[in-house]
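If you want the building blocks of each chain, they are given just below.
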Amino acid sequence: METGQREDQRTATQRRRTELLEAAERVVLRDGPEASMNAIAAEAGITKPILYRHFGDKSGLYRALAKRHTDALLGTLRTALDSPGDRRDRVEATLHAYLSAIEARPQVYRFLMHPAETPSDEKGFDVGRHSVPLLRRMGEDLGEVIAERLDLGPDTRQVARVWGHGIVGMMYAAGDWWLGERPLSRDLLVRHLADLLWGRLAETGDRAGSPGL
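I will try to describe carefully the structure that is included in this document. (Residues numbered from 1 in each chain as written. Predicted model: local features only at pLDDT ≥ 70, side-chain atom pairs only at ≥ 80, totals over all residues. Heavy atoms only, no water.)

1. Quick word on the overall build of the chain
Step number 1: Counting secondary structure elements, the chain contains 10 helices and zero strands.
Step number 2: Counting every position in the chain, which comprises 213 residues, the buried fraction comes to 38%.
Step number 3: Here the contacts in the chain between residues at least 6 apart in sequence split such that 64% fall between residues at least 24 apart.
Step number 4: Accessible surface, the chain: about 12400 Å² in total, of which carbon and sulfur atoms supply 51%. (Helix = DSSP H or I, 4+ residues; strand = E, 2+ residues; numbered from the N terminus. Buried < 20%, exposed > 50% of the residue type's maximum accessible area, 1.4 Å probe, protein only. Contact = heavy atoms within 4.5 Å. Areas by Shrake-Rupley, 256 points an atom, 1.4 Å probe, with all protein chains shown as cover.)

2. Some thoughts on the packing of helix α3 (residues 48-55) against helix α4 (residues 58-81)
Step number 1: Two elements in contact, α3 and α4, have axes whose closest approach is 8 Å; the angle formed by their N-to-C orientations is 60°. Classified by the interaxial angle, the pair formed by α3 and α4 is oblique. You can see that α3 and α4 cross each other, and the crossing is left-handed. Side by side, α3 and α4 meet where Leu51, Tyr52 and Phe55 of the first sit next to Lys58, Gly60, Leu61 and Ala64 of the second.
Step number 2: Partitioned by chemical class, the residues of the contact of α3 with α4 number five nonpolar, one polar and one charged. (Axes fitted to C-alpha atoms, helices over the stretch in contact; angles between N-to-C directions. Parallel < 35°, antiparallel > 145°, perpendicular 65-115°, else oblique. Left-handed = near helix turned anticlockwise from the far one by under 90°. Nonpolar A, V, L, I, M, F, W, Y, C, P; charged D, E, K, R; others polar.)

3. As for the environment of Val27
Step number 1: Within the secondary structure, Val27 sits in helix α1 (residues 3-31).
Step number 2: Since its relative accessible area comes to 0%, Val27 is described here as buried.
Step number 3: Residues Val27 and Ala39, 12 residues apart in the sequence, show an inter-C-alpha distance of 6.9 Å.

4. Description of the side chain of Thr94
Step number 1: When you line up the elements, Thr94 lands in helix α5 (residues 87-104).
Step number 2: Here Thr94 falls in the buried class, since its relative accessible area comes to 9%.
Step number 3: Beyond its immediate chain neighbours, meaning those up to four positions away, Thr94 contacts Leu77, Ala80 and Leu81.

5. Remarks on unusual backbone geometry
Step number 1: One non-glycine residue, Arg182, lies in positive phi territory at about 50°.
Step number 2: Positionally, Arg182 belongs in the loop between α8 (156-181) and α9 (186-197).

6. Focus: the nonpolar core
Step number 1: The biggest cluster of nonpolar side chains holds 54 residues, and the ones touching the most others in it are Leu51, Leu61, Leu95, Tyr98 and Leu112.
Step number 2: Considering each element in turn, this core owes the most residues, 10 residues, to α4.
Step number 3: In contact with Leu112, other than residues within four places in its own chain, are Tyr62, Ala66, His69, Ser131 and Leu134. (Core = buried A, V, L, I, M, F, W, Y, C linked by side-chain atoms within 4.5 Å.)

7. With respect to the pattern of salt bridges
Step number 1: By the definition in use, this model includes 14 salt bridges.
Step number 2: With a closest N to O distance of 3.0 Å, Arg30 and Asp31 form a salt bridge.
Step number 3: Salt-bridge contacts for Arg88 lead to Glu92; the nearest nitrogen and oxygen are separated by 2.8 Å. Placement of both Arg88 and Glu92 in helix α5 is noted, with a separation of four residues, approximately one turn of the helix.
Step number 4: Several salt bridges share partner residues, and in doing so they unite Glu22, Glu25 and Arg68 into one network. (Salt bridge = Lys/Arg side-chain N within 4 Å of Asp/Glu carboxyl O.)

Laid out in structure tokens, this is it:
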């Protein structure tokens, strides 16, 4: 096969793969963690074996969707970190960007970060075991940004990785709780989280009679 033909075939395969991912996203938006290969194949107008041919298995399709959305989210967070204003403004903008993203597409968030309630069979994706690598990727990415922008002394890279993973863990846990219960506004949640990052924990006194923290 000539080079031009191979490139055309590769382009056609990539285009078809993108179309299948877009069909999968539509099902995820509708069904969340309960999205199935059968439903995705039906949405794409193909048979399930063809879907497997492109992605290998459910985990392969999940990883492709996860990469697609994580790439977009990381781009959004980096844009927020580059927004105008002082450091506190940029921190709040980044927290807002993350919370806005999960609020805008809660079904996609649940698909990416929560295991399906049904068993890991034809009915759904066993995504619970995939969520930790996604969080680690976000933590590493944020750690790189921190190392690039802050002088944390001779151990800058190590400290930056700790901070990156710690901040992502905080955002994930707080955002997950907030998305499920909505006990306060997003603005107020952002302010409280930014206060914590800004050292309020160290400045706050213990309650009278408590063992302290």
